[in-house]
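So you can see what is in the structure, the chains are spelled out below.
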Amino acid sequence: MKTGLVGFQGGGKSTVFELLTATTPDPAKAHTGQVGQAIVADARFDGLVEMYRPGKEVSARIELLDTPGLDRRQQDVNLQRLGVIREAQALVQVVGAFSGGGGDVVEEVTRFVEELALADLQIVTNRVSRLEIDAPKPRPDREELQAELEALRPMAEALETRLNLDGIEFTDLQQHLCRSFSLLTIKKRLVLINTAEPDAEEDIVAALEAAGHRVMVAAVGLELELEALEEADRIEMAAELGLSGSCRNELMQAILQTAELITFYTCAEKEVHAWLLRRGSTAVEAADSIHSDLARGFIRAEVTPGDKLLELGSEKEVKAAGLWHVEGKDYVVQDGDELFIRSGV
């Protein structure tokens, strides 16, 4: 699952990318986007590694796409650049607030949402225009095309008049069309206010949250500078600046929540592995994320609550406490579950 770092030029997307992935942005990829892997800091995973002492440990990772920045003056350029974002499952809009001006940040967030809507409108209206030509023709798929046309018309109208799809109770067909077109306006989105003074942005946060946005404030550039220091210097400088923790870890958790991802684990002496999974997914979907053969031959999932495993110290103690359980393929995996998948393949 990819998360796109998005926004207008100059907001600090590439700084966020470097902080999270420890990869220096490549200027040659400024117009195409750059992909990197960000490791998810996870105390539960660290505890499980300490418990099992495996030969191999694999942390969960988020795939980040640093997308081309939008141009505030050329909308036609933006439509092309937004095409790169469609492959992302969730978005982090990075907005620079280096001068402390609240109005500009709110305006920029609003304008970016409008850019997403206009890009979606172009795709939907183009498809409607094509269907209006093809659907009336006598052809084998005429009924399907007419149904698609009727499903898209209210979506086009909403995007044109309100610049969003809010308030539409999507039919199954409309949900399918949203996914097939990878519409930007329905993607989960986090607004990251990139600033040098996190405490100075309270009014901005309040205004954005009141408008329905999920918001986080972080001094990304400052933390990147701190990470370049020796540990002792970093701790001293952070204390002088009044920074109590890492915005990197907080941001990673915010991205997981925005993308509606949970973590489950597979544990053995050979390997302890943390896996990301969309919230609400079933045991067989978790098996498929490990390997398609496990899903194809799925028999059952043996489930141990990860927090109880760490609390009690062993699988034996978890079983003795009656907390270990066996589930079928429809079991909804919970955040922190440790799974052992039995499969006939």
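Below or above, wherever it landed, is the structure these notes cover.

Let's talk about the overall build of the protein
The helix and strand tally for the protein stands at 14 helices and 12 strands. Projecting the C-alpha coordinates of the protein onto the three principal axes gives extents of approximately 65 × 60 × 40 Å. Looking at the protein residue by residue over its 345 residues, the buried ones come to 43%. Across the protein, every contact between residues at least 6 apart in sequence was considered, and the portion connecting residues at least 24 apart equals 69%. Accessible area for the protein stands at about 17800 Å²; split by element, carbon and sulfur atoms hold 47% of it. Side-chain charges in the protein split into 36 positive and 60 negative, and the spacing between the mean points of these groups amounts to 8 Å.

Section: the pairing of strand E5 (residues 90-96)
With six of its seven residues buried, E5 lies for the most part within the structure. Where E5 meets strand E6 (residues 188-194), seven bridges bridge the pair, whose relative direction is parallel. Of the residues in E6, the one forming a bridge with Leu-91 is Arg-189.

So, the environment of Leu-165
In this fold, Leu-165 is placed in the loop between helix H5 (142-161) and helix H6 (172-181). Relative accessible area serves as the criterion here: at 7%, Leu-165 is assigned to the buried category. The sequence separation of Leu-165 and Ile-186 amounts to 21 residues, and the corresponding C-alpha distance is 7.5 Å. Excluding its chain neighbours within four sequence positions, the residues that come into contact with Leu-165 are Met-155, Ala-158, Leu-159, Phe-170, Leu-183, Thr-185 and Ile-186.

Details of unusual backbone geometry
The residue Ala-22 is not glycine, and still its phi comes out positive at about 60°. Along the polypeptide, Ala-22 turns up in the loop between helix H1 (13-21) and strand E2 (34-39). Positioned with a positive phi, Ser-182 is a non-glycine residue whose angle comes to about 50°. By the element assignment, Ser-182 lies in the loop between H6 and E6. Ser-182 gets classed as partly exposed once you look at its relative accessible area, which sits at 24%.

With respect to the pattern of salt bridges
This structure, assessed with the given rule, holds 21 salt bridges. With a closest N to O distance of 3.7 Å, Asp-71 and Arg-73 form a salt bridge. For Asp-71, a relative accessible area of 8% gives the class buried. Through salt bridges with shared partners, a single ionic network connects Asp-42, Arg-44 and Asp-335.

What counts and how
Residues numbered from 1 in each chain as written. Predicted model: local features only at pLDDT ≥ 70, side-chain atom pairs only at ≥ 80, totals over all residues. Heavy atoms only, no water. Helix = DSSP H or I, 4+ residues; strand = E, 2+ residues; numbered from the N terminus. Buried < 20%, exposed > 50% of the residue type's maximum accessible area, 1.4 Å probe, protein only. Contact = heavy atoms within 4.5 Å. Areas by Shrake-Rupley, 256 points an atom, 1.4 Å probe, with all protein chains shown as cover. Lys, Arg positive; Asp, Glu negative; His and termini not counted. Charge placed at Lys NZ, Arg CZ, Asp CG, Glu CD. Pairing = 2+ DSSP bridges. Salt bridge = Lys/Arg side-chain N within 4 Å of Asp/Glu carboxyl O.

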